[in-house]
Amino acid sequence: MIMIKGLKSEGFLIFDGGMGTMLQAHGLKGGEIPERLNITKPDIIYKIHKEYADSGADVITSNTFGANRYKLEGSGLSCGDVIKGALKLAREAAGDKLVAQDIGPIGQLMEPYGTLSFQDAYDAFKEQVIAGADAGADMILIETMSDIYEAKAAILAAKENSQLPLLCTMTFQADGRTLTGTDPLTMVNIISHLGVDALGINCSLGPKDLIPLLAQVLKYSAIPVIVQPNAGLPSILEGKTVYDLRPERFGEYMAEMAEMGAVMLGGCCGTTPEHIRELRKAITGLKPARSKAGKLTAVSSATTTVVLGEGARIIGERINPTGKKRLKEALKNGDMEYILREAVAQRDAGAHILDVNVGLPEIDEKAMMVKAVRELQSIVNLPLQIDSVSPDVIEAAARACSGRPIINSVNGEKKVMDGIFPVAKKYGCLVVALTLDENGIPEKAEDRLRIAEKIVNRAGEFGIDREDIIVDCLVLTASAQQKEVRETIKAVSLVKQKLGLKTTLGVSNVSFGLPDRELLNRTFLTMALTAGLDAPILNPMAEAMVNTIKAYNVLWNIDKEAVEYIRSCQTFKEIPEVREKEGSRDLRKIIIDGMKEEAAPVVKQLLEEVGGLGIVDEYLIPALDIVGQKYESGEIFLPQLIQAAETVKRAFEVIKDNMMQKDGKALNVNKGKIVIATVKGDIHDIGKNIVKILLENYGFEVYDLGKDVQVEAIVEKVINEKASLVGLSALMTTTVKNMEDTVKALREHCPDTKVMVGGAVLNGDYAKMIGADYYGKDAGEAVKIAREFFGS
């Protein structure tokens, strides 16, 4: 049985299929705004909805995918009017069936690698949600999200401005991640804990290719799962985009997905009422499977999830001003680069999670915490632990965080729990529970256990799962409270035995005031690990401590066949050329780490040694190559790729200024001219903008014509600039025909110019079909194509 807020179904819940393909079949011109038809041609929209309702769909989705203030800008259409009209049509066609308000992505890159702020995204989604709720939607479907941060903005807007059931799906690439690098486990861990009623995957791929991704989602999701694949792969037939998967075969795949455990099923691009009819027929007689997903204690960044209980996981402690003079000065001066260097150093030393504490009485802690969280998550992939005594600071940081963080901390005092647990529940955070209360820290382990039990029970009253509580039994100093040290170890053991919860400790506290602190620390760490410590908070730069954990993981049969231990003992370096000299920062390492503010002074110093072109050839390009390799291998993701590119941009600016001042000439590293554009009728330019950034960093002269560009304008620019290569982008199935028309025009008027194409609706075969020379599946591939073409 499906039971979500206000909805109940004994069987499966069948959603409708694609809208764009159906509109194209009804004469929608390439690039025409689909939502306009809610106003100008309501009969067509009604007819499509009715066909889906008659084919067996339980849920009719409104024609509002792009009904946001950014996509409708300049169209003369009002967001509220479009949504009101769309939901009225869907309701009339649905009859007694359910109507979902469809909300798609805004179509712009979010900060820090784009210009769209979280608040601006939230405000746009809020406008849609309020309009949909007022128009009588039965539920909200947030779909086709590729950025988990944007999905979070949409979810919060929906939950804070309506009481409607809420579903959210993301779209994945063939590599198993979204455009910005989120994997299925991370999606589930973040989205499910934000309080959606169902989650899942849609678009980009056909059902065959979505099955492995669905298996991962079902493995981890304890809430209902929805899946809406495309109808296979697209092709051009008689000037129209068609998909190759027949309805009968689509139904067979969907029945397989239903048997796997998906309980909400529908279609996306290329699917028609006939596909939905075959889906309904194929699942007749099947019953929804019970979820077998177990609950994890897991913390996430936007791209990485760390599961506690799978070996010891290090929480880096160095971003905390207590006892750190240089960090205090950096916080007072707003020196974010120092904080970022600490983060990168801890990551490189083996930290799995970063504790972030910026509490100083001399500064605005909330503003600094939010800034630190945003900067950190753009540089490192590690999940964060938000460390503050202020509920306001914690809430601001939790809202700004693109992942699922840990809150550090609550204790057994009622007022503290009542201040923190509502924040933890709203933003889906894990919480560190300190075993102290109004009476301080108990001497005995049994009393600390009782406080832990009290915290867990109180958390449950706020709807927080016990798995989301991480108990800190508190480390006291051996120099002042020697006998209590043993009680801490005993308390850790009791928490594991009696409560079965995950544990953390601030390990280095034990040695305060005594000589040879490292010896005491690593000995205590070993004792705590064997008692059940899951997440030690320590300095990952202390090599002996990290090595103790690696050895423990081997001896405790966690690191199977000692794979990680052996790897860490190997002496070779993957990238020896970026090892830094004592007292200096290597420009290549600065670029790889995306440390924008550090680039300029290092470049100025290098200009005296190797000159501008030498810096480009010996530092910038090699560093970008390494970044590209890391991106392709999945070691870094889009945020880090963009940060590295922006760092190179800063370096270029210094070099150009120097050349102008010195010789009165601009730096000329032009390796070829490239014209890029999003084709006529398509208003999506995220992918194109990323390609532009990378191409320019590799020294290509890029002419970006923007989005929704007429065929004639592209041809004219290519002729005028004598460009040898053109890059075309399209995201909408309805605009791929315009891409084909553009390629034909270029062949006619610029026969020597080569064309590469890219976009979510394309693949290699489709690119050949429309006459393109190259298919760039992502920004990295586009750069590779350009470099090979120009021989650079």
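All of these numbers come straight from a predicted model, not from anything done at the bench. (Residues numbered from 1 in each chain as written. Predicted model: local features only at pLDDT ≥ 70, side-chain atom pairs only at ≥ 80, totals over all residues. Heavy atoms only, no water.)

Focus: the overall build of the protein
- Summing up its helical and strand segments, the protein has 29 helices and 27 strands in all.
- Here the C-alpha atoms of the protein give a radius of gyration of 28 Å, agreeing with the 28 Å that 2.2 N^0.38 yields for 792 residues.
- By principal-axis analysis of the C-alpha atoms, the protein measures approximately 85 × 75 × 50 Å.
- Within the protein, the fraction of its 792 residues that count as buried is 58%.
- Within the protein, residue pairs in contact and separated by at least 24 positions form 74% of the contacts whose partners lie at least 6 positions apart.
- With an accessible surface of roughly 32,100 Å², the protein has 49% of that area assigned to carbon and sulfur atoms.
- The averaged location of the 109 negative side-chain charges in the protein is 2 Å from the averaged location of its 94 positive side-chain charges. (Helix = DSSP H or I, 4+ residues; strand = E, 2+ residues; numbered from the N terminus. Rg over C-alpha atoms; globule rule 2.2 N^0.38 Å. Buried < 20%, exposed > 50% of the residue type's maximum accessible area, 1.4 Å probe, protein only. Contact = heavy atoms within 4.5 Å. Areas by Shrake-Rupley, 256 points an atom, 1.4 Å probe, with all protein chains shown as cover. Lys, Arg positive; Asp, Glu negative; His and termini not counted. Charge placed at Lys NZ, Arg CZ, Asp CG, Glu CD.)

Thoughts on the side chain of Arg313
- Considering the arrangement of structural elements, one finds Arg313 in the loop between β14 (305–307) and β15 (315–319).
- Despite its burial, Arg313 pairs with no opposite charge; the closest candidate is Glu310, at 4.5 Å N-O.
- At a separation of 2.6 Å, a polar atom in the side chain of Arg313 contacts the main-chain carbonyl oxygen of Glu310.
- In this view, Arg313 contacts Val306, Val307, Leu308, His352, Asp534, Ala535 and Pro536; residues no more than four positions away in its chain are not counted. (Salt bridge = Lys/Arg side-chain N within 4 Å of Asp/Glu carboxyl O. Polar contact = N/O pair within 3.5 Å; in protein donor to acceptor, adjacent residues only side chain to side chain.)

Quick word on the domain arrangement of the protein
- Here the protein is described as being made up of domain 1 (2–283), domain 2 (298–570), domain 3 (574–666) and domain 4 (670–792).
- On a C-alpha basis, the centroid separation for the pair domain 2 and domain 4 is 48 Å. (Domains from an automatic or database assignment.)

Quick word on the nonpolar core
- Of all hydrophobic cores here, the largest spans 224 residues; its most connected members are Leu265 and Leu620.
- Considering each element in turn, this core owes the most residues, 11 residues, to helix α24 (residues 638–663).
- Core analysis: the next-biggest nonpolar cluster, separate from the first, contains 27 residues, Val715, Ala723, Ala730 and Val736 among them. (Core = buried A, V, L, I, M, F, W, Y, C linked by side-chain atoms within 4.5 Å.)

Structural notes on the pattern of salt bridges
- A complete count under the given rule lists 44 salt bridges for this structure.
- For Asp593, the salt bridge identified is with Arg347, shortest N-O distance 3.1 Å. Of this pair, Asp593 sits in helix α21 (residues 587–593) while Arg347 sits in helix α12 (residues 336–349), placing them 246 residues apart in sequence.
- The class of Asp593 is buried, set by a relative accessible area of 4%.

Focus: the environment of Leu87
- If you trace the backbone, Leu87 turns up in helix α4 (residues 79–94).
- Judged by its relative accessible area of 2%, Leu87 is buried.
- The spatial distance from the C-alpha of Leu87 to the C-alpha of Gln101 is 7.2 Å, given a sequence separation of 14 residues.
- Sequence-distant contacts of Leu87, defined by excluding residues within four places in its chain, comprise Ser62, Val99, Gln101, Gly132, Ala135 and Ala137.

A short note on helix α15 (residues 414–427)
- With 14 residues, α15 should reach 20 Å at 1.5 Å per residue; the first-to-last C-alpha distance of 20 Å fits that figure.
- By the largest-angle criterion, Ile420 marks the main kink of α15, which is about 25°, and a proline, Pro422, follows within four residues.
- Restricting attention to buried positions, one finds in α15 the residues Met417, Ile420, Phe421, Val423, Ala424 and Tyr427.
- Elements that come into contact with the buried residues of α15 comprise α6 (148–161), α14 (391–400), β18 (406–410), β19 (430–434), α16 (445–461) and β20 (469–472).
- Positive phi appears at Gly428, one or two residues downstream of α15, with a value of about 70°. (Expected span 1.5 Å × (residues − 1). Bend = angle between axes of the 7 residues up to and from the residue.)

Section: the environment of Glu646
- Looking at where Glu646 falls in the secondary structure, it is placed in helix α24.
- Taking the C-alpha atoms as reference, Glu646 lies 19 Å from Lys671; in sequence the two are 25 residues apart.
- With near-sequence residues (within four places) excluded, Glu646 lies in contact with Lys596 and Ile693.

Points about unusual backbone geometry
- Between Asn408 and the following residue, Ser409, the backbone shows a cis peptide bond with an omega angle of 25°.
- Examined against the element boundaries, Ser409 turns out to sit in strand β18.
- With phi around 65°, Cys203 is a residue other than glycine that occupies positive phi space.
- Mapped onto the secondary structure, Cys203 falls in the loop between β8 (198–202) and α8 (207–220).
- Owing to a relative accessible area of 12%, Cys203 belongs among the buried residues under this scheme.

A word on the sheet that holds strand β3 (residues 13–14)
- Strand order in the open sheet formed by eight strands is β3-β12-β9-β8-β7-β6-β5-β4, with parallel pairing between adjacent strands. This sheet does not close on itself; its edge strands, each paired only once, are β3 and β4 (59–61).
- In terms of strand pairing, strand β6 (residues 139–145) meets strand β7 (residues 166–170) through four bridges, oriented parallel. Along β7, the bridge assignment pairs Ile140 with Leu166. (Pairing = 2+ DSSP bridges.)

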